[in-house]
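Each chain, written out:
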Amino acid sequence: MKKFNIRKVLDGLKEQASSSVSSGQSGAPENNLMHETLQSENFQLCKTVRHGFPYQPSSMAHDPVQKILAIGTQSGALRLYPFCSVHWVPEGEGALVSALADDSVHLWNLRQRRPAILHSLKFNRERITFVHLPFQSKWLYIGTEKGNIHIVNVESFTLSGYVIMWNKAIELSKSHWLSVNSPFQLIIGYEAGIVVLWDLKSKKADYRYTYDEAIHSVAWHHEGKQFICSHSDGTLTIWNIKGQGKPFQTITPHGKQPKDGKKPEPCKPILKVEYKTTRLGDPFMILSGGLSYDTVGRRPCLTVMHGKSTAVLEMDYPIVDFLTLCETPYSNDFQEPYAVVVLLEKDLVVIDLAQNGYPIFENPYPLTIHESPVTCCEYFADCPVDLIPALYSVGSRQKRQGYSKKEWPISGGNWGLGTQSYPEIIITGHADGTVKFWDASAIMLQVLYKLKTAKVFEKSRNNKEDKQNTEIVDEDPFAIQIMAWCPESRMLCVAGVSANLIIYRFSKQEITTEVVQLLEVRLQYEVNDMESPPEGGGGGDRDLPTPGAASPSPQTTGPPTHPSTSNTHVTHTYTLTPLKQSSGYQVELVVQLVWVSGEPPQQITSLALNSSYGLIVFGNSNGLAVVDYLQKTVLLNLGTVELYGSNDPYQRQARSPRKARQPAGAKMSRKLSLPTELKPDLDHRDNSFSRSRSSSVTSIDKEAREAITSFHFCETFARKGDSAITPCLYVGTSLGTVLAVALNLPPAGEQRLLQPVIVLPSGTLARLKGSILRMAFLDNTGTFLPPAFETWYEPNAAGADSEERDKARKRRPVSVSPSTSQELQESQYAVVCSEKQAKVIALPSQNCIFKHSITETSFVLRADVVQMNIGNCVACFCANGHIMTLSLPGLRPLLDVNYLPLTDMRIARTFCFTNLGQAMYLTSPTEIQRITYSQETCENLQEMLGELFTPVETPEAPNRGFFKGLFGGGATSLDREELFGETQAGKASRGLAQHIPGPQGLEGMKGAASGVVADLARARIALDERGQKLGELDERTAAMLASADSFGKHAHDMMLKCKDKKWYQF
């Protein structure tokens, strides 16, 4: 009955939005509510920008006038570069046509900063197989699976009554390729090997060409007398349009030519070919595929045939599509190709055709995020101003050489002018052990520096023996699991999946480290039989065990309760030879958890670094360890149970000893579940830690391990009722307990390197429901108190620089905490957030003054205490997709938006909040999505985004000659209007396709955007367009005037010549 009443009371407390002050604390200073500056009006959630390579690309198109590239994906997304199946509408019009797998075609308006759909056309009876749009044409050709070809007016986005039926063209189906080169001729390639030259004006087929192999692509010669086809047997056939039904030339680029003149052996299909001509040289034939079948294991290739030379360019990933960039957009002129854009499954490559060797252009976009799968990431806003230049200076030496000397050719649009001036850095950890630093200021993302942590480990010389002696095969033994970084001191610590830590120090000078210092740590979980504590026990000071003495030896044992065993083995083999370390991040210390009693080390679940104290702390499901990286010693090595001392509030079941499972000499590391798979590992006790889902904090699974889930260094009150603040470490566990650990540090300077650091657990601060996720501290005015830090200095300085280094070491570390003479009434506030709750606790009285139940039906995945422009708040991301913010210290709900359901563990692993209303997560294995929850940033977003459409003069059309007039120079819009218009072609079938208008019409959507800036932009664009039209009109008037003057001159000459002649002389 008593237990039931406790649960009822706790359930009642959960329903309250925030709890009031305890009744027994009247008159305490923490009862006075502080003024909170943040209100709900300061928050709004919206997406800002997406970085990375489009996930699962499917098609690509290029606008040769605007110089913009569009990439479509299998999920229906469109990515436009240089900002952030696809076919363009008339170049310079600022619109885009996309065809989707559900047989719908969309018309997009690109004249506004955020593109929007103007019209849609949904085909009901036929499946779309190909779409073609000639340059400067308003008629879109759509080929279907039945072999029919329909024509769409792009301006009105309606079907024309003009239809090319398959039975009139050829009695086979599935139109696969369309190409227009003359005003009234259309070449149609059918998958079965039939090519039809269709006369649009007479509505009949002029010629039919038949080949034994299936056709994959067709391309015109610019003169319109020839075309080329690629086939499924790896051959290319060149045809004359007035030939005798046989190909003019047959080429097998990668086939072996038999000596007896027989047909070469078949090769793999050539999926696409492009035929581009030059004015002064041989034409280019560029193709993908076509390799011989005996090239097993060879990487995908792009072949460039120019004259007698054939270059085979190997790619890292399969080719999705490619297109050739030419000097002119007109297909009836010499194209003069200068580059090839190759879309791969996981990369975008642009090849320079004008230089020998065909080098690639250096890609300015962050498309290498997925070079190795991302396993974790961190986001830092408002970093020190000198940090990005320092990282760039050392990272610029890592760039590859051999790029093309020309500028990146996809250079359209205008970048936006963002109002954010503070530096932002994103750090990504990868499966191969690399760590990448990215400049994320404003809406940009550029790689600054790349760190390879695997260099610390020795490569195995005998892989076969290792595979035989290893129980578990490690796919990614060097994968990064957790990172801790101090931007001010530039200290970095990374935790690997194999239960190892590497501590790095930043230096601008190269050094050679003779020996990489290694610390071995044994974290063992042992629980003896103990009685259940009385209810309500715990809190305050504890009778705690004395930590094990620190040893200066690299081989450091744990406390006496953890006897060392003879069958422990290091997970990795570390390099014993001198290690040359280039400028940038250099190894300071390596910490390795080792096997204990035949059990492998548990993965590290939490990590924290403090440069002011020179300490690293990490924990897992067994306990925690504090390491002094200055003295290279282990200060504290305790199991989670030992933090409570004799007053452990939970009843734990004793564990029976297990037999050793690891053979002698074996190496083993755990496999990291990459964020590409959706696994419920949040509830797997062995993989991470168990999470409490009970309605009462006293209802705990007796067999659950209590893991360490969070740390926070601070200068605060170590115990209840203390009168002075001291350096402390606060520890959060998976059972919702917050514990304090006091730190006694020697004075700064040489004494810090000689005298030991004393670490002593100080008791329990609070208990919450669910695992502890985040802790922070506020002063008595509500101002955020960041941990103390040490400013960066050059660690490898010599001479005069070494004196500056010594002065920097002797300076007292930067700390924003109050002085040690602080009086009791000048209290602090501890902010603690768990999976279920958030609490604000007054110090040193340790009274809970505010409490808020964040969620009942779900749990929080990520929580951070962030600083906004005018205040602080708690930002939370829940598993049900809600993003919430709470005020501080009152914990009032300010924002609650159902934004993103948790459909993939990748999101849970990579979601990060940072200061000034910024957040990010990995939306796919290759893309980073940045969002903002700041109203101010949302209002300025239109200014930050770039403009895709810019007024650009269309290149001059080629001079009209005989062949030009015959094959492309004589087309007029009036001819097509009459041919495809309703007057001659009639109306299209109503049931064939359904027209779906967009939110506004074409005129209403051009340049549409919100605000005064958008109105000015529309006015500017209209003025530019009017200026262009007036300029063209002036040119035409001048030409007509010159023509009139010339005619008048000739007429006057004729008059003078003929005025004296008689009529009979003519």
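Note on numbering: residues in each chain are counted from 1, in written sequence order. Reporting in this predicted model follows two pLDDT cut-offs: at least 70 for local features of residues, and 80 or more for side-chain atom pairs to be given and counted; totals over whole chains, interfaces and linings ignore these cut-offs and use all residues. The basis for the side-chain values is all heavy atoms of the structure; hydrogens and waters are excluded.

**Examining the overall build of the protein**
Working step 1: Each helix corresponds to a stretch of at least 4 residues labelled H or I by DSSP, and each strand to a stretch of at least 2 residues labelled E; elements are numbered beginning at the N terminus. Helix and strand counts for the protein stand at 15 helices and 58 strands.
Working step 2: When the 1066 residues of the protein are sorted by exposure, 55% land in the buried category.
Working step 3: For the protein, the exposed surface amounts to about 48500 Å²; the carbon and sulfur share of it is 51%. Buried residues are those whose accessible area, probed at 1.4 Å on protein chains only, stays under 20% of the maximum for their type, while exposed residues exceed 50% and partly exposed ones sit between those limits. With residues, only the protein chains shown are counted as cover, and all accessible areas are computed by Shrake-Rupley using a 1.4 Å probe.

**Regarding the sheet that holds strand β56 (residues 918-924)**
Working step 1: Pairing within the open sheet is antiparallel, and its four strands lie in the order β1-β57-β56-β55. The strands lining the two open edges of the sheet, one partner per strand, are β1 (43-52) and β55 (912-914). Put simply, the sheet's adjacent strands are angled 25° from each other on average, direction ignored.
Working step 2: Here, a strand pair is defined by DSSP locating no fewer than two bridges between the strands. Strand direction decides the pairing type here: β55 and β56, joined by three bridges, are antiparallel. Among the inter-strand pairings, F913 is bridged to a residue of β56, identified as A919. Think of each axis as a best-fit line through the C-alpha atoms, taken over the contacting stretch in the case of a helix, with angles from 0 to 180 degrees between the N-to-C directions.

**Quick word on the sheet that holds strand β2 (residues 57-63)**
Working step 1: A sheet is described by the order of its strands in space; here three strands give the open sequence β2-β3-β4, paired in antiparallel fashion. Every other strand in the sheet has two partners, leaving β2 and β4 (78-81) as the edge strands with one partner each. For this sheet the average axis-to-axis angle between neighbouring strands, irrespective of direction, equals 20°.

**Side note on a negative patch on the surface**
Working step 1: Patch rule: a residue counts if its relative accessible area is over 30% and it has no salt bridge; like charges are joined within 9 Å, and nonpolar side chains (Val, Leu, Ile, Met, Phe, Trp, Tyr) within 5 Å. When a carboxyl oxygen of Asp or Glu lies within 4 Å of a side-chain nitrogen of Lys or Arg, that pair is called a salt bridge. All tallies of charge rest on Lys and Arg as positive and Asp and Glu as negative; His and the ends of each chain are not included. For charged residues, the charge sits on one atom: NZ in Lys, CZ in Arg, CG in Asp, CD in Glu. A cluster of like negative charges, contributed by E953, E956, E1032, D1034 and E1035, occupies part of the molecular surface.
Working step 2: Position of E1032 relative to the elements: it lies in helix α15 (residues 1011-1058).
Working step 3: Classification of E1032 as partly exposed rests on a relative accessible area of 41%.

**Here's the deal with the side chain of S292**
Working step 1: Within the element layout of this structure, S292 appears in the loop between β22 (284-289) and β23 (301-306).
Working step 2: Contact partners of S292, with chain neighbours within four places excluded, come to H254, C267 and K268. Contact definition: two residues touch when any of their heavy atoms are within 4.5 Å.

**Considerations on the environment of L609**
Working step 1: The residue L609 is located in strand β39 (residues 606-610) in this model.
Working step 2: Classification of L609 as buried rests on a relative accessible area of 14%.
Working step 3: With residues near it in sequence (within four places) discarded, L609 still touches A484, C486, M491, L492, C493, L615, I616 and F713.

**Some details on the pairing of strand β9 (residues 128-132)**
Working step 1: Buried residues dominate β9, accounting for four of its five residues.
Working step 2: Note that β9 and strand β10 (residues 139-144) share four bridges and pair antiparallel. Of the residues in β10, the one forming a bridge with H132 is Y141.
Working step 3: The hairpin turn running from β9 into β10, its antiparallel successor, is six residues long, and Q136 in that turn takes a positive phi close to 60°.

**Details of the pattern of salt bridges**
Working step 1: Within the structure shown, the criterion is met by 23 salt bridges.
Working step 2: Close ionic contact of R50 with E927 constitutes a salt bridge, the shortest N to O distance being 3.9 Å.
Working step 3: We note a salt bridge from E424 to R930, for which the minimum N-O separation is 3.4 Å. Here E424, found in strand β29 (residues 424-430), pairs with R930, found in strand β57 (residues 927-934); they are 506 residues apart in sequence, far enough to count as distant. R930 shares its class with E424; the two are buried.
Working step 4: Through salt bridges with shared partners, a single network forms among R298, R299, E314 and D316.

**Structural notes on the nonpolar core**
Working step 1: One finds L391, I425, F437, W485, Y504 and Y585 to be the most contacted residues of the largest nonpolar core, which totals 31 residues.
Working step 2: Counting residues per element, this core draws most heavily on helix α3 (residues 387-395), which supplies five residues.
Working step 3: The residues touching W485, leaving out its near neighbours within four places in the chain, are F380, L387, I425, I427, F437, R490, M491, L492 and Y585. Each nonpolar core is a collection of buried residues, namely Ala, Val, Leu, Ile, Met, Phe, Trp, Tyr and Cys, held together in the definition by side-chain atoms within 4.5 Å.

**Remarks on the environment of P423**
Working step 1: Turning to its location among the elements, P423 is positioned in the loop between α3 and β29.
Working step 2: Of the residues examined, P423 reaches a relative accessible area of 12% and is grouped as buried.
Working step 3: The spatial distance from the C-alpha of P423 to the C-alpha of I388 is 7.5 Å, given a sequence separation of 35 residues.

**Digging into α3**
Working step 1: Within α3 the residues assigned to the buried category are L387, I388, A390, L391, V394 and G395. The buried residues of α3 occupy an angular sector of 165° when the element is viewed end-on, so they sit on one face.
Working step 2: Looking at the buried positions of α3, the neighbouring elements they touch are β29, β30 (434-439), β31 (446-452), β32 (480-486), β34 (500-507) and β38 (584-593). By arc we mean the arc of the directions from the helix axis to the C-beta atoms, nothing more.

**Observations concerning the UniProt feature "repeat: WD" (unreviewed entry) in the protein**
Working step 1: UniProt positions are given in the numbering used here, feature names are shortened, and annotations may be inferred rather than shown by experiment. Listed under "repeat: WD" (unreviewed entry) in the UniProt record, and renumbered for this structure, are residues 208-242.
Working step 2: As a span, residues 208-242 carries 0% helix and 57% strand, and end to end its C-alpha atoms are 10 Å apart.

**Here's the deal with unusual backbone geometry**
Working step 1: The residue after L843, namely P844, is reached through a cis peptide bond having omega 10°.
Working step 2: Relative to the helices and strands, P844 is located in the loop between β49 (837-843) and β50 (847-853).
Working step 3: One non-glycine residue, L891, adopts positive backbone phi at about 60°.
Working step 4: Topologically, L891 is positioned in the loop between β53 (882-887) and β54 (893-898).
Working step 5: On the basis of relative accessible area, L891 is assigned to the buried category, the value being 1%.

**Details of the packing of aromatic side chains**
Working step 1: Here a pair means two rings of Phe, Tyr or Trp (six-membered ring of Trp) with centres within 6.5 Å. Their orientation is stacked below 30 degrees between planes, edge-to-face above 60, and tilted elsewhere. Counted under the stated rule, the structure contains 26 aromatic pairs.
Working step 2: Ring geometry for F227 and W239: centres 6.3 Å apart, planes at 5°, overall stacked. Residue F227 is found in strand β18 (residues 226-231), and its partner W239 is found in strand β19 (residues 236-240); the two are separated by 12 residues along the sequence. A single burial state applies to F227 and to W239, both of which are buried.
Working step 3: On the basis of an interplanar angle of 75° and a centroid distance of 6.2 Å, the ring pair of Y899 and Y921 is categorised as edge-to-face.

**Looking at the confidence of the model for the protein**
Working step 1: Values of pLDDT, the confidence the predictor places in each residue, fall between 0 and 100. When pLDDT is averaged along the protein, the result is 78; 75% of the residues meet or exceed 70.
Working step 2: Counted against residues more than four places away or in other chains, residues 656-703, with its pLDDT under 50, gives 124 contacts.

**Things to note about the pairing of strand β17 (residues 215-220)**
Working step 1: A large share of β17 lies buried, amounting to six of its six residues.
Working step 2: Sheet topology note: the β17/β18 ladder contains five bridges and is antiparallel. Counterpart to V218 in the pairing with β18 is C229.
Working step 3: Here β17 hands over to β18 after five residues, with G224 in that stretch at a positive phi of 80°.

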